[in-house]
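Single-letter residue listing:
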Amino acid sequence: CQKIVQDLMDFGRPGDTTLSPTEVGPVIAHTLQMIEARLYKQKVALTQAIAPDLPRVAIDPQQLQQVLLNIYLNALDAMLDGGKLMVAAALEPGNPEPKIMITIADTGMGIAPKDLAKIFLPFFTARKKNGLGLVLSICERIVKNYGGTIEVESELEHGSFFRILLPVSACPQ
């Protein structure tokens, strides 16, 4: 009960945001280190492709960490019998306003088409036995608070692909 109430309070409370020029590459590297043991335990192979010299984005690095970890953990939950996790970051190609594109793909069970449109809604969960359905809605809110977007594509039995776009134009270098 305490965890449910805390999650509800965290969801409803606007978080304190500390904008700071943040390098995305080191944040990604740190969050991947945090899940190394679980990757090994679940026999999930990690592939990463982080472009060098990415411009900084104006974001709270701890909130970016929260977004990334939540998506990684969802991916790992979808690959209990092993699989592949791919994480990449680069400048979005062909966009006149520069944005950093972070992509996270997994080879897990995927998301049912009927559920795909609902995954960012508060309290929606495809896992009826656990989870409150707040994680992805919180991730979306954090990304939107910084002027970014988060999108997902998925196919049952073939995995999911998350794309996070964060603007760099408003960030003082």
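Residues numbered from 1 in each chain as written. Predicted model: local features only at pLDDT ≥ 70, side-chain atom pairs only at ≥ 80, totals over all residues. Heavy atoms only, no water.

### A closer look at the packing of helix α4 (residues 61-77) against helix α6 (residues 135-145)
- Look at α4 against α6: their axes get within 10 Å of each other, and the N-to-C directions meet at 145°. Judged by the twist between their axes, the crossing of α4 over α6 is left-handed. Along the contact surface, α4 presents Gln63, Gln66, Val67, Asn70, Ile71 and Asn74, while α6 presents Val135, Leu136, Ile138, Cys139, Ile142 and Val143.
- Each residue belonging to the contact of α4 with α6 can be placed in one class, and the counts come to eight nonpolar, four polar and no charged. (Axes fitted to C-alpha atoms, helices over the stretch in contact; angles between N-to-C directions. Helix = DSSP H or I, 4+ residues; strand = E, 2+ residues; numbered from the N terminus. Left-handed = near helix turned anticlockwise from the far one by under 90°. Contact = heavy atoms within 4.5 Å. Nonpolar A, V, L, I, M, F, W, Y, C, P; charged D, E, K, R; others polar.)

### Side note on helix α2 (residues 24-34)
- Within the span of α2, buried status applies to Val24, Gly25, Val27, Ile28, Thr31 and Leu32. Projected down its long axis, α2 carries its buried residues within an arc of 165°, all on one side. (Buried < 20%, exposed > 50% of the residue type's maximum accessible area, 1.4 Å probe, protein only. Arc of directions from axis to C-beta.)

### Comments concerning the environment of Gly159
- Along the chain, the position of Gly159 falls in strand β7 (residues 159-167).
- For the pair Gly159 and Asp106, spaced 53 residues apart in the sequence, the C-alpha separation amounts to 5.2 Å.
- Excluding anything up to four places from it in sequence, Gly159 contacts Asp106, Thr107, Gly108, Met109, Gly110, Glu153 and Ser154.

### Remarks on the pattern of salt bridges
- Within the structure shown, the criterion is met by six salt bridges.
- The closest approach of N and O atoms between Lys144 and Glu140, which form a salt bridge, is 3.5 Å. Of this pair, Lys144 and Glu140 both sit in helix α6, four residues apart, which is roughly one turn of that helix.
- Across the salt bridge formed by Arg163 and Glu151, the nearest N and O atoms sit 2.6 Å from each other. Separated by twelve residues along the polypeptide, Arg163 in strand β7 and Glu151 in strand β6 (residues 149-155) bring together distant segments of the chain.
- Its relative accessible area of 35% is what places Glu151 among the partly exposed residues.
- Bridged by salt links that share partners, the residues Glu151, Glu153 and Arg163 form one connected network. (Salt bridge = Lys/Arg side-chain N within 4 Å of Asp/Glu carboxyl O.)

### Structural notes on the nonpolar core
- Counting residues in hydrophobic clusters, the biggest one holds 40 residues, and the most contacted among them are Ile28, Leu68, Tyr72, Leu85, Ile102, Phe162 and Ile164.
- Elements with a minimum of two residues in this core: α2, β3 (57-59), α4, β4 (83-91), β5 (99-106), α6, β6 and β7.
- Element by element, the count of residues in this core is highest for α4, at eight residues.
- Those residues in contact with Tyr72, other than ones at most four positions away along the chain, are Ile28, Thr31, Leu32, Ile35, Val87 and Ile104. (Core = buried A, V, L, I, M, F, W, Y, C linked by side-chain atoms within 4.5 Å.)

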